[in-house]
Amino acid sequence: MELKWFYDQSEEITIKEFLRQQQLPKAFLRKVKLEGQLLLNHLKVPVRFKIRKGDCLHLLAPIERGHETVPPSDDPIEIVYEDDDLLILNKQVGVVSIPSLANPSSSIANRVRGYYQKQGYSDQVIHIVTRLDRDTSGLMLIAKHRLAHALMDRQVRAGQVVKYYHALSSRSQWSDHGIIEAPIARTESSIITRRVHESGKYAKTEYWCQQTYPNGAHLRIRLHTGRTHQIRVHLMHMGGPLIGDDLYGGPLTKTIRRQALHCGQLEFNHPMTQQPLHFEMNLPEDMQDWIQAQQVN
């Protein structure tokens, strides 16, 4: 990827100082220094050179060629939005975010790598910013190069990437709005499951009850922390595990055979332009079918 600036200030400063003012990540600049190029008016220069009014500074980042551990896949992806810096997907149920021993070649990362190759993109590294569990559907954010990833990570750490989930709880009685604050720790007998326990890390989940039904409720949820299985554990703790989430005691139904959880809304500022972005994705078919069945009953 490349960046270009036209300097219009009267004060002469070094390129190093100018880049510091742009608040570019230090690791990214080190990579450019080692493997990329800085061109001042089309000439390669060191960062101690001064930049003057009317100068053009061109930064060329090294190409990211990708890893052999992420082989490309021809399996489809559903693209919600794409530009030079970002890719927003609607992830389907049953697809993992990154390769694993059980799923070495069909993850979202593999599929995006295959898409990048078909499109002829030079950068082939897959920078997943927001992951989803295998059986959670909905919006995923992927950065298309290392700078966009680093800048999005800043927003994630600052709590500026806002995700709202739709959840179908097996408990019918919920207040209109509430906050669950309960620490989450590993379950002693398992490396997979989590539990609410005083030895765990602080976790905060906010919810809004959208609708109650005889056999459960539709909740809109925002995570204020990012603990493993946080929504699933907190809803179990409150006596209303997710429909379909048999790992945490949720009932299986004819229409839902996985945890009924969907990332339906994503909000953040574009890493390069700072433009506010907002994306929404409707409920998947299985969750809609469950709601319709409740309404009939």
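Residues numbered from 1 in each chain as written. Predicted model: local features only at pLDDT ≥ 70, side-chain atom pairs only at ≥ 80, totals over all residues. Heavy atoms only, no water.

With the rule as written, the count across this model stands at 12 salt bridges. Salt-bridge contacts for Glu 17 lead to Arg 20; the nearest nitrogen and oxygen are separated by 2.7 Å. Of this pair, Glu 17 and Arg 20 both sit in helix 1 (residues 15–21), separated by 3 residues, roughly a single helical turn. Between Asp 286 and Arg 258 there is a salt bridge whose closest N-O contact spans 2.9 Å. Placement of the pair is Asp 286 in helix 6 (residues 285–296) and Arg 258 in the loop between helix 5 (230–237) and strand 17 (261–269), with a sequence separation of 28 residues. When sorted by exposure, Asp 286 lands in the same class as Arg 258, which is buried. When salt bridges with common partners are traced through the structure, they connect Asp 133, Arg 232 and Asp 245 into a single cluster. (Salt bridge = Lys/Arg side-chain N within 4 Å of Asp/Glu carboxyl O. Helix = DSSP H or I, 4+ residues; strand = E, 2+ residues; numbered from the N terminus. Buried < 20%, exposed > 50% of the residue type's maximum accessible area, 1.4 Å probe, protein only.)

Here we come to the packing of aromatic side chains. Per the stated rule, a full pass over the model turns up 10 aromatic pairs. Taken together, the ring pairs in this structure connect Trp 5, Tyr 7 and Phe 18 into an aromatic cluster. Across from the ring centre of Trp 174, 4.4 Å away, lies the NZ or CZ of Arg 171, which sits over that ring. When the ring centre of Trp 208 is taken as origin, the NZ or CZ atom of Arg 220, which lies over that ring, is 5.6 Å away. (Phe/Tyr/Trp six-rings, centres within 6.5 Å; stacked < 30°, edge-to-face > 60°. Lys NZ or Arg CZ within 6 Å of the ring centre and 35° of its normal.)

This brings us to the sheet that holds strand 4 (residues 43–44). Strand order in this open sheet of 4 strands is 1-6-3-4, and the pairing throughout is antiparallel. Two strands bound the open sheet, and with one partner strand each, they are strand 1 (2–6) and strand 4. Two strands pair when backbone bridges link them, and strand 1 and strand 6 (residues 56–60) are joined in this way by 5 bridges, in the antiparallel orientation. In the sheet register, Glu 2 faces strand 6, and the bridge partner there is Leu 60. (Pairing = 2+ DSSP bridges.)

Grouped together as the largest cluster of nonpolar side chains are 42 residues, with contacts concentrated most on Val 112, Leu 141, Ile 142, Leu 219, Ile 221, Leu 235 and Phe 268. With residues up to four places along the chain from it excluded, the contact list for Ile 221 reads Lys 163, Tyr 164, Tyr 165, Ala 167, Thr 205, Glu 206, Tyr 207, Ile 231 and Leu 235. With 20 residues, the next largest nonpolar core counts Met 1, Leu 57, Leu 59 and Leu 151 among its residues. (Core = buried A, V, L, I, M, F, W, Y, C linked by side-chain atoms within 4.5 Å. Contact = heavy atoms within 4.5 Å.)

Overall, the coordinates contain 0 disulfides when judged by the stated rule. Looking at the unpaired Cys 209, the closest cysteine sulfur is the one in Cys 263, lying at 19 Å. You can call Cys 209 buried: its relative accessible area is 16%. Looking at Cys 263, the relative accessible area reads 0%, which means it is buried. (Disulfide = S-S within 2.5 Å.)

Keep in mind these numbers describe shape, not what the thing actually does.
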